[in-house]
Amino acid sequence: MSAILTARERMLGRLRAAAPSAPEAVDAIDTAIDEHYLARRAQAPLPARNRIAAMQAALCASHAQVDCVSMDTWPALLAQRLGEHGVRRLLLDTGSAEGRALRAALPAEVETLSFTRPLAQWKSELFDTVDAGFTIARSGIAATGTLVIAPDAATPRTVSLAPPLHICLVYASTLHVDLHAAARAERWADGMPANLVLVSGPSKTSDIQQTLAYGAHGPRWLWVLIIDDLSAHEGGQP
């Protein structure tokens, strides 16, 4: 026992005797982080056009279904896919241009719903009868195949979480190389949104036997439409 106490006291003595180092300035840490990512991107540049392929590959590796489509053709393609999947009730924001375009292309048997009621008033209906939710990503992170979604009153987090199928549209011009580039380009430090959702695939979990299951804690399926609008945005995002 005495030997243990002696070792403990020696360790505490060394800790007390050690001179505390001055904390490094935040600006210096930020500069070091910036230099690290800038150097890494310089070694392996990823032009805007190549980010589409990188984003698609990363999402497919996470078992998402991904299509790269034009700005004119995506509503018809998605409407066809929804019919084939058997979707009958779709949650979307009809106040957005994309929501209106999709609703106009849908077959008559697909009903659209807006998130206009408090969740408590239609929770059972939402979880039991809504087949899919449609969102528009704020941006994307090509290195990890991550969708950056900023929920709002018309499209709260529930739209991408509750229905078994989550459909997300992301514009190629908003794809960033990595998370650091996204935070810098979108100036998160100047006023980061209160609620950003990062989605990199359908919901999945595994048990003690390492059996992978989808849809346990969220959507079972994730469909992503990458809208190729680069011709209208020369150079894309950094």
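Above this text is the structure in question.
Residues numbered from 1 in each chain as written. Predicted model: local features only at pLDDT ≥ 70, side-chain atom pairs only at ≥ 80, totals over all residues. Heavy atoms only, no water.

### Notes on the sheet that holds strand β9 (residues 197–199)
Note the following rule: Two strands are counted as paired when DSSP detects at least two bridges linking them. For helices the rule is a DSSP run of H or I covering at least 4 residues; for strands it is a run of E covering at least 2, with both sets numbered from the N terminus onward.
With mixed pairing, the four strands of this open sheet are ordered in space as β8-β5-β6-β9. With partners counted over all chains shown, the strands left at the sheet margins are β8 (175–176) and β9, one partner each. Relative to strand β6 (residues 146–149), strand β5 (residues 139–141) is paired through three bridges, and the arrangement is antiparallel. The residue bridging Ser139 from the neighbouring strand is Val148, located in β6.

### Quick word on the sheet that holds strand β12 (residues 221–227)
Rule in force here: Helix axes are fitted only over the stretch in contact, all axes being lines through C-alpha atoms; the angle between N-to-C directions runs from 0 to 180 degrees. Whether two residues touch is decided by their heavy atoms; if any such pair falls within 4.5 Å, the residues are in contact.
Across the sheet, which stays open at both edges, the six strands sit in the order β1-β12-β7-β4-β2-β3 with parallel pairing between neighbours. Strands at the two margins of the open sheet, each flanked by one partner only, are β1 (65–69) and β3 (111–113). Going across the sheet, the axis of each strand differs from the next one's by a mean of 20°, ignoring polarity. The pairing of β1 with β12 spans five bridges and is classified as parallel. By the bridge assignment for β12, Cys68 is matched with Ile226. Contacting β1 and β12, helix α3 (residues 48–61) crosses the sheet at an angle of about 160° to β1. Together, β2 (89–91) and β3 form the strand contacts of helix α6 (residues 119–129), whose direction differs from that of β2 by roughly 115°.

### Some points on the environment of Leu78
Within the secondary structure, Leu78 is located in helix α4 (residues 74–85). Taking the C-alpha atoms as reference points, Leu78 and Ile167, 89 residues apart in sequence, are found 9.1 Å from one another. Contact partners of Leu78, with chain neighbours within four places excluded, come to Leu102, Phe134, Ile167, Trp223 and Leu225.

### Some words on the pattern of salt bridges
Quick reminder of the rule: The salt bridge definition used is simple: a Lys or Arg side-chain nitrogen within 4 Å of an Asp or Glu carboxyl oxygen. Residue exposure (1.4 Å probe, protein chains only): buried if accessible area is under 20% of the type maximum, exposed if over 50%, otherwise partly exposed.
Scanning the entire structure with this criterion turns up ten salt bridges. Between Asp34 and Arg184 there is a salt bridge, with the nearest N and O atoms lying 2.9 Å from each other. Pair noted here: Asp34 is in helix α2 (residues 26–43) and Arg184 is in helix α8 (residues 179–185), with a separation of 150 residues, a long-range link. Classification of Arg184 as partly exposed rests on a relative accessible area of 40%. Among the salt bridges present, the one from Arg89 reaches Glu125, with a minimum N-O distance of 3.1 Å.

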